[in-house]
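Now for the letters of each chain:
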Amino acid sequence: MRISVDAHSGVPPFEQVRSSIAEQVRSGELPVGTKLPTVRALAADLGIAVNTAAKAYRELEQAGLIETRGRAGTFVSDAGDQTAARAAEAAATYAQITHALGIPAEEALAIVRAALKA
C-alpha cells in the first residue's frame, strides 16, 4: 500500500489518506481481502495523529470499502468491487435516458462533469 501525506496541501491529512486508499481499492491495487495496517501503525508510518488515521478508516468503512473484523484487523471488503459495478450500471441507465431524450453525447457528458464538480 502506498500512501503519502503532504503537510503543505490544502487537503486535510485524513482526506489524503482516505482518498489514496479508496483509489487503490477501486483500481484493484488493493484487492479484496487485503489486510490493512492497524490505525496506530498507519499513523506512525505516515507521521500523522492516530485520530486522523482512525477518521480515514471510519469513512472508508462507512463507504463499504473496508471492514473491521474485531481483533483480526481491517481488510479491503468486497463492496469495493460492487461500487464500480453500480457506477457502471448507473452510467448505462443515464446514457439510455439521455439518448431517449435526444440529448447529444457531448451535452450529456457536460451534464455529468457539472454534477461531479458539485
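Residues numbered from 1 in each chain as written. Predicted model: local features only at pLDDT ≥ 70, side-chain atom pairs only at ≥ 80, totals over all residues. Heavy atoms only, no water.

(A) Broad picture of the nonpolar core. Among the nonpolar cores identified, the biggest contains 18 residues, and Val17, Ile21, Leu42, Tyr57 and Leu60 are the most heavily contacted of them. Of all the secondary-structure elements, those providing two or more residues to this core are α1 (13-27), α2 (39-46) and α3 (50-62). Residues contacting Leu60, with those up to four places away along its chain left out, are Arg18, Ile21, Ala22, Leu65 and Ile66. (Core = buried A, V, L, I, M, F, W, Y, C linked by side-chain atoms within 4.5 Å. Buried < 20%, exposed > 50% of the residue type's maximum accessible area, 1.4 Å probe, protein only. Helix = DSSP H or I, 4+ residues; strand = E, 2+ residues; numbered from the N terminus. Contact = heavy atoms within 4.5 Å.)

(B) Layout of the pattern of salt bridges. Applying the stated rule across the entire model yields three salt bridges. Between Arg2 and Glu29 there is a salt bridge, with the nearest N and O atoms lying 2.9 Å from each other. One end of the pair, Arg2, is in the segment before α1; the other, Glu29, is in the loop between α1 and β1 (35-36), and 27 residues separate them in sequence. For Glu67, the salt bridge is made with Arg69, and the minimal N-O distance between the two is 2.8 Å. Overall, Glu67 belongs to the partly exposed group, its relative accessible area being 31%. (Salt bridge = Lys/Arg side-chain N within 4 Å of Asp/Glu carboxyl O.)

(C) Structural detail: the packing of α1 against α3. Interaxial distance between α1 and α3 falls to 8 Å at its minimum, and their mutual angle equals 45°. Here α1 lies oblique to α3, going by the angle between them. The hand of the α1/α3 crossing is right-handed. Of the residues in α3, those in contact with Pro13, Phe14, Glu15, Val17, Arg18, Ile21 and Ala22 of α1 are Thr52, Lys55, Ala56, Tyr57, Glu59 and Leu60. Across the contact of α1 with α3, the residue classes break down as eight nonpolar, one polar and four charged. (Axes fitted to C-alpha atoms, helices over the stretch in contact; angles between N-to-C directions. Parallel < 35°, antiparallel > 145°, perpendicular 65-115°, else oblique. Left-handed = near helix turned anticlockwise from the far one by under 90°. Nonpolar A, V, L, I, M, F, W, Y, C, P; charged D, E, K, R; others polar.)

(D) Quick peek at the UniProt feature "domain: HTH gntR-type" (unreviewed entry) in the protein chain. Under the present numbering, the feature "domain: HTH gntR-type" (unreviewed entry) in UniProt falls on residues 11-79. In residues 11-79, the share of helix is 54% and the share of strand is 12%. The end C-alpha atoms are 26 Å apart. (UniProt positions renumbered as here; feature names shortened; annotations may be inferred.)

(E) Inspection of the side chain of Gln16 at higher detail. With respect to the helices and strands, Gln16 occurs in helix α1. Setting aside chain neighbours within four positions, we find Gln16 in contact with Ser4, Val5, Asp6, Ser9 and Val11.

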